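Chain by chain, the residues:
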Amino acid sequence: MSAQAQGGERRAAVVVNPTKFDDVRKVRDRVTKICREEGWADPLWLETTPEDTGTGQTRQAVEEGVDLVCPLGGDGTVRTVGAELTGTDVPMGLLPAGTGNLLARNLELPVDSLEKCLRIALTGQNARIDTCLLELIRPTSAQIAARVADDTDPAKTLDFSDAVDDRSSEEVREEHVFLVMAGLGFDAEVMAAAPERLKARVGWLAYLVAGLQHLKGPQFTVAVKLDGGPPLRRKVRSVMVGNVGKLQGGMDLLPDAVADDGSVDAVLLSPEGIVGWGATVAQLVTRQKIGHSRVDHLQAQDVRVVSDKPVEIEVDGDTLGEAIAMRVQTQPGSLVVRCPRAAVRTRERRSARSASPARLVPEVRPRGA
């Protein structure tokens, strides 16, 4: 039975990461005031902990029959709440906090205003978007040791605790639901290296600082399969697979990615040195080939990536340690989110245009593979 049926008023739950705010009580009072102004009951306020970053809180909210669940934290909090709501009809309302707010940005929500986003969550329209299921494969200790022993490979994030030597163990494979993007290599290393204090002070620029420190990191060779097709082999610095494609600072890493088109987009980045990174960024910004191609854009419903060495992996900005392979599958329309009413109609038109067979079957021209 819903909260509305029990008390006559609709009720929202707010799953908040308290570390994102200097005065949590002040934020709670502000949220409560807006809920009352919109005719909603006082919110169910649930704070995350280091031991439970949102899963248990979201389950509690659903069990108590709330009409809406709003994550209030960084991209990690949004992912955790969204993963728990996936497959249910309980809508998620996105409230801005933290460094990225990437899903909210891609859904064109006003991420500079908590009040505006909350009012959209309370009064907007439900829209279904896709989520992504990631399966990662852990390396063995021998694979990690081989990379550590390679003097030409200056890896700084390797951790033997990620190794699983018993290949029959369930710990070899892990599953994670994500909403924005998963990545192997450079982006995951940057996420792991960005200090929390610096992120709190300068926001997404902290990732830029960490990125500059990792530009000279190692490349690795991957075999990529799209929807079970033949492998595409590349030597890369990073592989990213996304449900949406817009990053902080306005860069559209995956310009064809749409959150509700039933597919995922991938980009393979293959820069060589500082000059190569300059050309890579230029190709990303202009979508024009400059010299030999350093950027490959792909699209599918099922993307499998196998690396020749253990590399760092991340989902929605949260690092997961070392992996030797990953598989990403789209879960169409599996999450309900609140959007402005006009935006929902616009997204429906865009989604209808993007669902053509030509878009879902990418044309891949192997380069020397």
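First, a word on what this report is: a plain description of the structure on this page.

Things to note about the overall build of the protein
Thought 1: For the protein, the helix and strand inventory stands at 13 helices and 13 strands.
Thought 2: Taken across its 369 residues, the protein has 54% of its residues classed as buried.
Thought 3: Taking as baseline every contact in the protein between residues at least 6 positions apart, the subset at least 24 positions apart corresponds to 73%.
Thought 4: Accessible area for the protein stands at about 16800 Å²; split by element, carbon and sulfur atoms hold 49% of it.

Quick look at the packing of helix α2 (residues 24-37) against helix α6 (residues 114-123)
Thought 1: Viewed as axis vectors pointing N to C, α2 and α6 meet at an angle of 40°, and their least axial separation amounts to 10 Å. With respect to their mutual orientation, α2 and α6 come out oblique. Like other packed secondary-structure pairs, α2 and α6 cross with a definite hand, here right-handed. Between α2 and α6, the residues in contact are Val-27, Arg-30, Val-31, Ile-34, Cys-35 and Glu-37 and Leu-114, Glu-115, Leu-118, Arg-119 and Leu-122, respectively.
Thought 2: For the contact of α2 with α6, the class distribution of residues is 7 nonpolar, no polar and 4 charged.

So, the side chain of Thr-58
Thought 1: Among the structural elements, Thr-58 can be located in helix α3 (residues 55-63).
Thought 2: By relative accessible area, Thr-58 is classed as buried at 0%.
Thought 3: The contact partners of Thr-58, leaving out residues within four places of it in the chain, are Val-15, Val-69, Val-81, Glu-84 and Leu-85.

Analysis parameters
- Residues numbered from 1 in each chain as written.
- Predicted model: local features only at pLDDT ≥ 70, side-chain atom pairs only at ≥ 80, totals over all residues.
- Heavy atoms only, no water.
- Helix = DSSP H or I, 4+ residues; strand = E, 2+ residues; numbered from the N terminus.
- Buried < 20%, exposed > 50% of the residue type's maximum accessible area, 1.4 Å probe, protein only.
- Contact = heavy atoms within 4.5 Å.
- Areas by Shrake-Rupley, 256 points an atom, 1.4 Å probe, with all protein chains shown as cover.
- Axes fitted to C-alpha atoms, helices over the stretch in contact; angles between N-to-C directions.
- Parallel < 35°, antiparallel > 145°, perpendicular 65-115°, else oblique.
- Left-handed = near helix turned anticlockwise from the far one by under 90°.
- Nonpolar A, V, L, I, M, F, W, Y, C, P; charged D, E, K, R; others polar.

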